[in-house]
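# Structural features, examined
Letter by letter, the chains look like this.
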Amino acid sequence: MSTIQIQDKQGVRIITLNRPDKLNALNLEMYTQLTEYLIQGESDNGINAFVIKGQDNCFTSGNDIADFLKNSSLGPEHPAFKFLFTLLDINKPLVAAVSGAAVGIGTTLLLHCDLVYADNSAKFKLPFVDLALVPEAGASLLLPRLVGRTKAAELLLLGDSFNADDAKQMGLVNQVLPNDTLFDYAIAQATKLAKQPPEALQATKKLINYDVELVREQMQKELKEFAIRLQSDEAKSRFQAFLNR
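In short, a report on the structure. What you are looking at is a predicted structure, and each value in this text was computed from that prediction instead of being measured.

Once that is clear, we can look at the sheet that holds strand β2 (residues 12–17). Within a beta sheet, neighbouring strands are joined by backbone hydrogen bonds and run either parallel or antiparallel to one another. Across the sheet, six strands lie side by side as β1-β2-β3-β5-β7-β10; this open sheet has mixed pairing. Of all strands in the sheet, those bounded by a partner on one side alone are β1 (4–9) and β10 (175–177). Going across the sheet, the axis of each strand differs from the next one's by a mean of 20 degrees, ignoring polarity. Sheet analysis places β1 next to β2, joined by six bridges and oriented antiparallel. Across the sheet, residue K9 finds its bridge partner in β2, namely V12. Packing of helix α8 (residues 182–194) onto the sheet brings it into contact with β2, β3 (49–53), β5 (94–98), β7 (115–119) and β10, and relative to β3 it is tilted by some 165 degrees.

Turning next to helix α3 (residues 79–89). Note that an α-helix has 3.6 residues per turn; residues three or four places apart therefore point the same way. In terms of burial, α3 is a largely internal element, nine of the eleven residues being buried. If you check which residues of α3 are buried, you get P79, A80, F81, F83, L84, F85, T86, L87 and L88. Contacts made by the buried residues of α3 are with α1 (28–43), α2 (65–70), β5, α4 (105–108) and α10 (212–230).

Residues F81, F83, V98, L110 and F124 are the most contacted members of the largest nonpolar core, which totals 65 residues. Among the elements that make up this core, the one with the highest residue count is α3 (seven residues). Aside from chain neighbours lying at most four places away, what touches F81 is F68, L74, G75, P76, E136, L223 and F226. Listed in part, the 16 residues of the second largest apolar core include V95, L115, Y117 and A190.

Let us now look at unusual backbone geometry. The phi torsion at N24 lies on the positive side, around 55 degrees, for a residue other than glycine. Among the structural elements, N24 can be located in the loop between β2 and α1. Overall, the relative accessible area of 0% leaves N24 in the buried class. Despite not being glycine, A132 has its phi angle at roughly 65 degrees, a positive value. As for its placement among the helices and strands, A132 is situated in the loop between β8 (123–125) and α5 (139–147).

A word on the sheet that holds strand β9 (residues 162–163). Taken in spatial order, the four strands line up as β4-β6-β8-β9 in an open sheet, and their pairing is mixed. The sheet terminates laterally at β4 (58–60) and β9, the two strands that pair on one side only. Bridge count between β8 and β9: two bridges; the pairing is antiparallel. Pairing of K123 across the sheet is with N163, part of β9.

On to the packing of α3 against α10. As a packed pair, α3 and α10 sit with axes 11 Å apart at the nearest point and diverge in direction by 170 degrees. Taken together, the axes of α3 and α10 are roughly antiparallel relative to one another. Contacts between α3 and α10 involve F81, L84, F85, L88 and D89 from the former and V212, V215, R216, M219, Q220, L223 and F226 from the latter. Here the contact of α3 with α10 is built from residues that sort into nine nonpolar, one polar and two charged.

Reading guide: rules and limits
- Residues numbered from 1 in each chain as written.
- Predicted model: local features only at pLDDT ≥ 70, side-chain atom pairs only at ≥ 80, totals over all residues.
- Heavy atoms only, no water.
- Pairing = 2+ DSSP bridges.
- Helix = DSSP H or I, 4+ residues; strand = E, 2+ residues; numbered from the N terminus.
- Axes fitted to C-alpha atoms, helices over the stretch in contact; angles between N-to-C directions.
- Contact = heavy atoms within 4.5 Å.
- Buried < 20%, exposed > 50% of the residue type's maximum accessible area, 1.4 Å probe, protein only.
- Core = buried A, V, L, I, M, F, W, Y, C linked by side-chain atoms within 4.5 Å.
- Parallel < 35°, antiparallel > 145°, perpendicular 65-115°, else oblique.
- Nonpolar A, V, L, I, M, F, W, Y, C, P; charged D, E, K, R; others polar.

What follows is the structure in structure tokens.
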């Protein structure tokens, strides 16, 4: 069974993370598939919006650390970072439905979504410094802009988890919904988007995200520092401790 599943319905491409036995930890193959499905949907005139989701108890627990370390030579073509830059570049709106854990990239990718919905079980966490790393996905720019510098410092430097109500108050989440209605609601909202005039929809998204190149520049800075941190003794020590848990 594929660890990334897609369904195209009423102009919406629904992308489901499907590795529940590993809490949807993202490995390199999954990143590659995510990128391919987004690029395919972007070029398909029958697709006008995307939804990304997991199961009703987990969005994603973040990177599969063991798999990530197999290809620790980082650059723009690394599957994880290629996925992140693809998120930055897609013109069609992206909706996220978050249930359960949204760790690391499970939180930072939401900064590139146009609409985000969560249920009461959602738990967000940015454990980059915990792992002796730095943020990615432009989070060091986008998060302070969203929540303010001091709150962003708290979230990124301490790495404490926060719940769906906190995320809504910060502006990371549009609405908190009951677990049994989350996915249907997110898909319904994406379907509404897909029925909008597509050129106007995409032009408006582009106007909202007017500083894409500034975000790209920050992502490149993060990538450079992330690569340095990944090779550091403190990161190797943290990763080994994580893998030995």
